[in-house]
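Per-entry structural report
These are the residues of each chain, in order.
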Amino acid sequence: MQISPRKLSMHLVILALGLFMLYPILWLISSSFKPSGMIFTDTSLWPKAVTLSNYVQGWAGIAGTRFSSFFVNSFIIALACVAGNVLTCSLAAYAFGRLDFSLKKIWFAVMMVTIMLPHHVTIIPQYILFKHLNWINTYYPLTIPKWLSTDAFFIFLMVQFIRGLPRELDESATIDGCGQIQIYWRIVLPLAMPALITTAIFTFIWTWDDFFGALLYLNSANLYTVPLGLRLFMDSTGDSAWGPLLAMSALSLVPSMIIFFSCQKYFVEGISTSGIKG
Amino acid sequence: MERNGTAVLVRDSGSFSHTLKKLWRRNRVAYLFLLPWFAGLLVFTIGPMMTSFYYSLTRFDLMTPPRYIGLQNYLTMFTADPRYIASLKVTITYVLVSVPLKLTIALLIAALMNRGLRGLAFYRTLYYLPTLLGGSVAIAVMWRKIFGNSGVLNQFLADAFGIQAPNWVADPSYALYSIVALSVWQFGSSMIIFLAGLKQIPQDYYEASQVDGARKLRQFFSITLPLLSPVIFFNLVIQLIGSFQSFTQAFIISGGQGGPMDSTLFYTLYLYMKGFGFYEMGYASAMAWVLLVIIGVFTAIIFGTSKYWVHYGDGGK
């Protein structure tokens, strides 16, 4: 196949720009393998000398906590949030997308407004509420709200998707004697899988990256998530231990990258159909 | 099992309890499905909003009960707190610079990509990766190091052009712009939304205008932009609301203090410091309400002006 020079030059421009965009990430990864002394003297992306010592030192942890425990903590929280969002947002989305009930339009409008609401307006009373419940320094403040579908954005995403599913399926299921709960569970949920997966991957990545929530609610290092662990590194080691910090930073990106590369299709679909801000 | 169809047809006697019963039968399933959301709405949104509004009218240090002081917090903010004014300036500058820049770049790259190139999926991935990872502490750490005094950027500038560049993140006149750069770098999701919008534009329009002798640039301004305006509108609103709430990047890059010289004292960072550093919960709540109003005003301006610049295909609805 013949490629016109015009197209070829466009490919080159886009590719060059893309590599330019990726440079910081590549720099992070490459630096994490450089011996401490070379991180800021050797600017090339291909390290002149390669070492794993940054990873060994970083993984050993800080403040008496191994870095692996930050990872485990983050995973526990992220998975609890994913399960909560997928289940409770889909329940609400089924009602909005499929059922007919009084005040539906008003409730739907309320839900849309909560998407736009800056969460700082509620953060202080929420903090005080959790304090009264003795939930500070536990994972409840970070996970329970997801089990009550506070990420209304995902309800909206699923409603959009569920509305597009053919209604004939529900009707024939009704004739077969299915109730609404069975229709939700056996028919709509399996068909809405792309929307559920989109919700799951974005919930995972946003929870994984969540710094503000963890900063507010977690005090003990052994409960810290990965973002707090990184910050701990940054604060207490000063400029001397950039190697381990960069190594753990690079490592912290791995779960998101794995999910991204294995679910690309859903990312693009999810963003372009619903406008997830990313 | 629902038997709504017949139930509705039965003429009721008009008694109140009968109506209630009918309402209950008609709605119970839906409201059951909505139960978790209702609980969340009440406990985590409506309740806190009302409480937060009340707190904003009090002095509240978390140790002693809130004390009502009327509009004092709001007054202090605008008349006696220069750091507050600084945070407002920083945030509005950040939004006004980063959002248009980000959207312009996203649109240009999307337009460049939407030319029937092969390997589009690969390029989309490449450009989306920074957005995907951008919210993480790791990226903020990296940014701080790249833009730092002995960072890669400055070494590059020195080696390639012999320029003695400033310490971007530590210089009050540049620190904010290193965070702007971080935000602009994450144009990926806006770009994907633009791409999806561009694909909706019928090719006939371009062909017809070509017959009329329109050049590419003219086509861009008279076909692409107007037809894309609903998507531009959407991206603008989303990015605006998000940008006003930026926190992590500012926190990490400024070392949690909004420095140097408050030049990166983002609104949310100052709110966090007031609330959870100095325990001035009333003041922080008042700040949150002003933020809500500011975002509301900006959004209202965009909505209000939209009829002049947003064109819907069906002639406006």
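Residues numbered from 1 in each chain as written. Chains lettered and ligands numbered in written order. Predicted model: local features only at pLDDT ≥ 70, side-chain atom pairs only at ≥ 80, totals over all residues. Heavy atoms only, no water.

As annotated in an unreviewed UniProt entry, chain B is Sugar ABC transporter permease from Paenibacillus aurantius. Comment text from UniProt for chain B, heading Subcellular location (unreviewed entry), reads "Cell membrane". Heading Sequence similarities (unreviewed entry) of the UniProt record for chain B holds this comment: "Belongs to the binding-protein-dependent transport system permease family." (UniProt positions renumbered as here; feature names shortened; annotations may be inferred.)

Per an unreviewed UniProt entry, chain A goes by Carbohydrate ABC transporter permease and derives from Paenibacillus aurantius. Looking at chain A in UniProt, the text filed under Subcellular location (unreviewed entry) is "Cell membrane". As its UniProt record puts it under Sequence similarities (unreviewed entry), chain A is described as follows: "Belongs to the binding-protein-dependent transport system permease family."

For interface size, the figure often reported is the accessible area lost on association. With 96 residues of chain A at the interface, the matching set in chain B holds 87 residues. Across the chain A to chain B interface the summed buried area is about 8,200 Å²; carbon plus sulfur atoms make up 79%. Where chain A touches chain B, the interface holds 1 salt bridge. Of the charged contacts in the structure, one is a salt bridge between B:Arg26 and A:Asp100, with a shortest N-O distance of 3.6 Å. Here chain A and chain B share 11 residue pairs in polar contact (both at pLDDT 80 or more) between them. With 17 residues, the top contributor of residues to the side of chain A that touches chain B is helix α1 (residues 5-31) of chain A. A breakdown of the residues in the side of chain A that touches chain B according to their chemical character gives 64 nonpolar, 24 polar and 8 charged. (Contact = heavy atoms within 4.5 Å. Buried area = accessible area lost by both parts, 1.4 Å probe. Salt bridge = Lys/Arg side-chain N within 4 Å of Asp/Glu carboxyl O. Polar contact = N/O pair within 3.5 Å; in protein donor to acceptor, adjacent residues only side chain to side chain. Helix = DSSP H or I, 4+ residues; strand = E, 2+ residues; numbered from the N terminus. Nonpolar A, V, L, I, M, F, W, Y, C, P; charged D, E, K, R; others polar.)

Attention shifts here to the packing of helix α6 (residues 137-146) of chain B against helix α8 (residues 175-185) of chain B. Two quantities define a packed helix pair, namely the angle between the axes and the distance from one axis to the other. Residue and element names in this part refer to chain B. Across the interface, α6 lies against α8 with an axial gap of 11 Å and an inter-helix angle of 130°. Here α6 lies oblique to α8, going by the angle between them. When the axes of α6 and α8 are compared, the crossing they make is right-handed. Contact with α6, carried on its side by Ile139, Met142 and Trp143, involves Ser178, Ala181, Leu182 and Trp185 of α8 and no other residues of that element. Residue classes in the contact of α6 with α8 are distributed as 6 nonpolar, 1 polar and no charged. (Axes fitted to C-alpha atoms, helices over the stretch in contact; angles between N-to-C directions. Parallel < 35°, antiparallel > 145°, perpendicular 65-115°, else oblique. Left-handed = near helix turned anticlockwise from the far one by under 90°.)

Glancing now at unusual backbone geometry. In this structure, A:Ser149 is a non-glycine residue whose phi angle is positive, near 40°. By secondary structure assignment, the location of A:Ser149 is in the loop between α6 (140-143) and α7 (152-163). Although it is not a glycine, B:Tyr279 sits at a positive phi angle of roughly 55°. Within the secondary structure layout, B:Tyr279 lies in the loop between α13 (267-277) and α14 (281-309).

Let's shift gears to the confidence of the model for chain B. Do not read the predicted coordinates in detail wherever pLDDT is low. All names here are of chain B. Across chain B, the average pLDDT comes to 89, with 94% of residues at 70 or higher. Taken together, the stretch residues 1-10 has pLDDT below 50 and engages in 8 contacts with residues farther than four places along the chain or on a different chain. The complex prediction reports pTM at 0.90, with the ipTM value standing at 0.90. (pLDDT = per-residue confidence, 0-100.)

Counting through the fold element by element, A:His11 comes out in helix α1. Ignoring any residue separated from it by four or fewer positions in sequence, one finds A:His11 in contact with B:Leu117, B:Arg118 and B:Tyr123.

Moving on, we get to the packing of helix α4 (residues 82-113) of chain B against α13(B). Residue and element names in this part refer to chain B. The N-to-C vectors of α4 and α13 enclose an angle of 150°; their axes lie 8 Å apart at closest approach. Considering the angle they form, α4 stands roughly antiparallel to α13. Between α4 and α13, the contacting residues are Arg83, Tyr84, Ser87, Leu88 and Thr91 on the first element and Tyr267, Tyr270 and Met273 on the second. Class assignment for the residues of the contact of α4 with α13 results in 5 nonpolar, 2 polar and 1 charged.

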